[in-house]
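# Residue-level structure breakdown
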Amino acid sequence: MAQRTNDLGRAEACANIALAKYWGKSKKGDNLTAVPSLSMTLDSLRTRTEVKFETGLTEDLVVLNSQLVHGSETARVSALLDRFRNLADIDLKARVTSMNNFPTAAGLASSASGFAALAAASSQACGLELAAAELSSQARKSSASAGRSLFGGFVELLSETPQASPVAPANHFPLAMIVLIVRSSRKEASSSWGMQHTASTCPYYESWLHHAPEMFAQVRSAVLEKDFTKLAEAMEHSTRLMHATMMTSLPPILYFRGATVELMHEVAKRRAAGHPEAYTMDAGPNVKVLTPAQNLEAALAFYKSYPGVESIVTCRPGPGTAFLSHSSALETAQRENEVS
Ligand code: DP6
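Reference entry: report on the structure contained in this document.

Criteria and thresholds
- Residues numbered from 1 in each chain as written.
- Predicted model: local features only at pLDDT ≥ 70, side-chain atom pairs only at ≥ 80, totals over all residues.
- Heavy atoms only, no water.
- Buried < 20%, exposed > 50% of the residue type's maximum accessible area, 1.4 Å probe, protein only.
- Helix = DSSP H or I, 4+ residues; strand = E, 2+ residues; numbered from the N terminus.
- Pairing = 2+ DSSP bridges.
- Expected span 1.5 Å × (residues − 1).
- Near = heavy atom within 4 Å.
- Polar contact = N/O pair within 3.5 Å; in protein donor to acceptor, adjacent residues only side chain to side chain.
- Areas by Shrake-Rupley, 256 points an atom, 1.4 Å probe, with all protein chains shown as cover.
- Nonpolar A, V, L, I, M, F, W, Y, C, P; charged D, E, K, R; others polar.
- Bend = angle between axes of the 7 residues up to and from the residue.
- Contact = heavy atoms within 4.5 Å.

By the criterion of burial, strand S1 (residues 7-20) is predominantly enclosed, with 13 of the 14 residues buried. Across twelve bridges, the pairing between S1 and strand S2 (residues 37-54) is antiparallel. Within S2, the residue paired with Gly9 across the bridge is Val51. The pairing of S1 with strand S12 (residues 322-323) spans two bridges and is classified as antiparallel. Looking at the pairing, Glu12 lines up with Ala322 of S12.

Rendered as structure tokens:
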């Protein structure tokens, strides 16, 4: 095998939030998804990652947010690195340094931006020139939602499909996403475990598989038509269908907290009163409120002092994963390691 040294890769990726949810893996394996999903890439939640293959390392070293990590977290990174080592015929171990510009403790999923940035940085460190679709496929094998973060704006990942693809660019539909953090702790169980548990114990799981594609189709056409009301209704229904399968698993997976439910009522009440706002929740209790950009200030003014909201992060449709050429990239990420 080739012995390549000092090959360095650096990349930055944004997180994304599914407007039409995926929950469940395909029986075909390879981390393919059982249902289609559509996400918005988020400009202000970013991960910067540096990968360097080095002689003399006996194992991959992974530093996340300035902390050396071990065990399953390193194993997941090594599994992705192994695929790139195979593609590039490299047998060196790597040093991986990754920084989020948002606190991991805020309970915001970082695996999407993390594995998208890792896939891009690894390919560059290997000297491979892969198309975004191939990088998306590689990131998706590690975390399905990460496949969507390779692209900016609005992105779909069809069921049993290796790579995500762009639906519309970031400037297509001027929206904003307000992340209301109601509980700043890391989630208890991994999504992969949760999906497997849901598939094997929820009596409504087949029904979810049946209905999710219709929700996806409605979200997709609402995005393309820039129809906020249609998007709000389909997005919220997709969220509730997904959480219903989680809650009716045995034992249940109940991510909602009191403030989550209060906020669902509040958003519904406000929309009925003419405020264009809609909610979505992922594998955690935080509520993400989607709103047209022109309503952002009014929505922020209302939600920032809402009981139970610990902090807020505001996002707009963001760019796809990019390679970084500046050596100061990670230091900059460190300085920016604060959100309002
Ligand atoms: C609820 O992509 O984190 O956010 O592939 O096991 O890493 P793994 O799961 P992940 O699941 C995301 C689930 C979700 C909905 C979504 O993003 O579509």
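In this section: helix H2 (residues 111-125). Between its terminal C-alpha atoms H2 stretches 20 Å, which fits the 21 Å expected from 15 residues at 1.5 Å a residue. In the stretch just after H2, Gly127 is the one whose phi turns positive, near 75°.

Another aspect to go through is the site of the ligand. Residues in close proximity to the ligand total 18 residues, the closest being Ser143, Ala144, Ser145, Arg148 and Ser192. Ser143 has a polar side-chain atom sitting 2.7 Å from an oxygen atom of the ligand. The contact in question runs from an oxygen atom of the ligand to an N or O atom on the side chain of Ser192, over 2.4 Å. With the chains in place, 93% of the 460 Å² that the ligand exposes on its own is no longer accessible. Counting residues per element, the ones that place at least two in the shell around the ligand are helix H4 (144-148) and helix H5 (191-201). Across the shell around the ligand, the residue classes tally to seven nonpolar, six polar and five charged.

The subject of this paragraph is helix H6 (residues 205-225). Helix length check: H6, at 21 residues, gives a terminal C-alpha distance of 30 Å against a target of 30 Å (1.5 Å per residue), a fit within 8%. Maximal helix bending in H6 amounts to about 30°, located at His211; proline Pro213 follows within four positions. Within H6, the full set of buried residues consists of Tyr205, Trp208, Ala212, Met215, Phe216, Val219, Ala222 and Val223. Summarising the contacts, the buried residues of H6 are in contact with S1, S2, strand S6 (154-157), H5 and helix H7 (228-247). Within two residues after H6, Lys226 carries a phi angle of roughly 55°, on the positive side.

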